[in-house]
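# Architecture at a glance
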Amino acid sequence: MSEIKETRKALGRGISSLIPGPKSKPTVTAAPAVTTAATAVPVPAAAPATDNRSNEKSLFVEIDRIRMNPRQPRKTFEEKALADLVESVKEKGVLQPLLVCRKGLHYELIAGERRYRASKEAGLKLVPVRILEANDQEQLEIALIENLIRSDLNPIEEAKGYEKLQKEFNLTHEQISQKVSKDRTTVTNALRLLKLPLVVQQELQRGNLSMGHARALLSLEKEHVQLELVREILANGLSVRATERRVSQLSKPAKPTLVAKRENPNVAFVREEIQRKLGTKVEIKEKAAGKGEIRIQYFSNTDLTRLVDLLKNI
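Residues numbered from 1 in each chain as written. Predicted model: local features only at pLDDT ≥ 70, side-chain atom pairs only at ≥ 80, totals over all residues. Heavy atoms only, no water.

### Considering the nonpolar core
So the rule is basically this: Here, nonpolar core means buried Ala, Val, Leu, Ile, Met, Phe, Trp, Tyr and Cys residues that are tied together by side-chain atoms lying within 4.5 Å of each other. Remark: exposure states derive from per-residue accessible area (1.4 Å probe, protein chains only) relative to the maximum for the residue type, with buried under 20%, exposed over 50%, and partly exposed in between. By the criteria applied, helices consist of DSSP H or I runs no shorter than four residues and strands consist of E runs no shorter than two, each listed in order from the N terminus.
Ranked by size, the top nonpolar core spans 34 residues in total, and within it Tyr162 and Leu217 carry the most contacts. Put simply, the parts of the chain that give this core at least two residues each are helix H4 (136–149), helix H5 (155–169), helix H6 (173–180), helix H7 (184–192), helix H8 (198–206), helix H9 (211–217), helix H10 (223–236) and helix H11 (240–251). The next biggest cluster of nonpolar side chains, apart from the first, holds 18 residues, and it includes Ile66, Val89, Tyr107 and Val129.

### Concerning the environment of Val267
Heads up, the condition is: Here a residue-residue contact requires only that any non-hydrogen atoms of the pair lie within 4.5 Å.
Locating Val267 in the fold gives a position in helix H12 (residues 265–278). Taking the C-alpha atoms as reference points, Val267 and Glu283, separated by 16 residues in sequence, lie 9.9 Å from one another. Apart from the residues within four sequence positions on either side, Val267 is in contact with Ile284 and Glu286.

### Overview of a nonpolar patch on the surface
The condition is simple: In this scheme, patches are assembled from residues that exceed 30% relative accessible area and form no salt bridge. Like charges are connected within 9 Å, while nonpolar side chains (Val, Leu, Ile, Met, Phe, Trp, Tyr) are connected within 5 Å. In this description, accessible areas are obtained by the Shrake-Rupley approach with a 1.4 Å probe, and a residue is regarded as covered only by the protein chains that are shown. The working definition used for a salt bridge is a side-chain nitrogen of Lys or Arg within 4 Å of a carboxyl oxygen of Asp or Glu.
A surface patch of nonpolar side chains, about 390 Å² in accessible area, is lined by Ile294, Ile296, Leu311 and Ile314. Following the sequence through the fold, Leu311 ends up in helix H13 (residues 301–313).

### Some points on the confidence of the model for the protein
To keep things clear, this is the line we draw: For every residue, the pLDDT score states the predictor's confidence, bounded by 0 at the bottom and 100 at the top.
With 74% of its residues at a pLDDT of at least 70, the protein reaches an overall mean of 75. Below a pLDDT of 50 lies the segment residues 1–56, which in the model reaches 96 contacts outside its immediate sequence neighbourhood of four places, other chains included.

### Concerning the side chain of Glu158
Definition in use: Only four residue types enter the tally: Lys and Arg on the positive side, Asp and Glu on the negative side, with His and both chain ends excluded. Pairing of N or O atoms within 3.5 Å defines a polar contact, subject to two protein rules: one partner must be a possible hydrogen donor and the other a possible acceptor, and residues neighboring in sequence count only if both atoms are side-chain atoms.
With respect to the helices, strands and loops of the structure, Glu158 is situated in helix H5. Buried charge without a partner: Glu158 forms no salt bridge, and the closest opposite charge is Lys182, 4.4 Å away. Side-chain polar atoms of Glu158 contact the side chain of Tyr162, separated by 2.8 Å.

### Some points on the environment of Tyr162
Assignment of secondary structure puts Tyr162 in helix H5. Through-space distance from the C-alpha of Tyr162 to that of Ala190 is 8.1 Å; in sequence the pair is 28 residues apart.

As structure tokens, this is what we get:
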């Protein structure tokens, strides 16, 4: 069974509702010639080719005429996997056409960026494509769905893809879930990840934190407490269950002290600003005659190096 047919079966109402099926094939035409006042330079017409894995026809076009998709949700590519794909392309060529739409004399990539990158790296001059007529929203949906079905997106890339659909095209969580064949709660929980501090999102993208860690961190209201716990997770290798226990402990109200000294509002403001910029817990102790001391906490050698670099640039 062809890969295209397998994709449609897995997606339900997803990508199959956006890409024309065998009974409604997209119109494919050769690119027009480019002319100037001085000379007439014909642009090579796209050469027809048969996709071996389906009865639909694809075209071969010059790879230099393909432009990247600005709506591509995927931003990171695993180097080892891409290197393996380059070797496969060198040996067997590009087995599945890239999905593109026409933009004047060029083509804009809708889906297949890994294949495109591997083809460039392998030195191919021509690559197989399927030309679709798709607006900006449909292009984003197709790119998002293709990556989701292959599990190519990390959680933050997936969330940002949903966010684009929500903000740029005013789609509700329910509408997004229908288009990408995901539960509405899955879409909602993914979008909640974008409320986490940038540092936490980056660790999630790198795979140093799991979705379980992220969901536990979202239970904490204060950003500096989230950041402090992240450093504890990374330094001590806390499991999701251990992280949930720490969240429960941190969420408990502090026991009142017999003598509570009220913090100077100006000092509190400065402390909060320093914590926000450094992303770690900071203490300021006032002394007599306007003197005092600032304590900056770190939780690993890597964390210390990061703080030193930040302080150097202040």
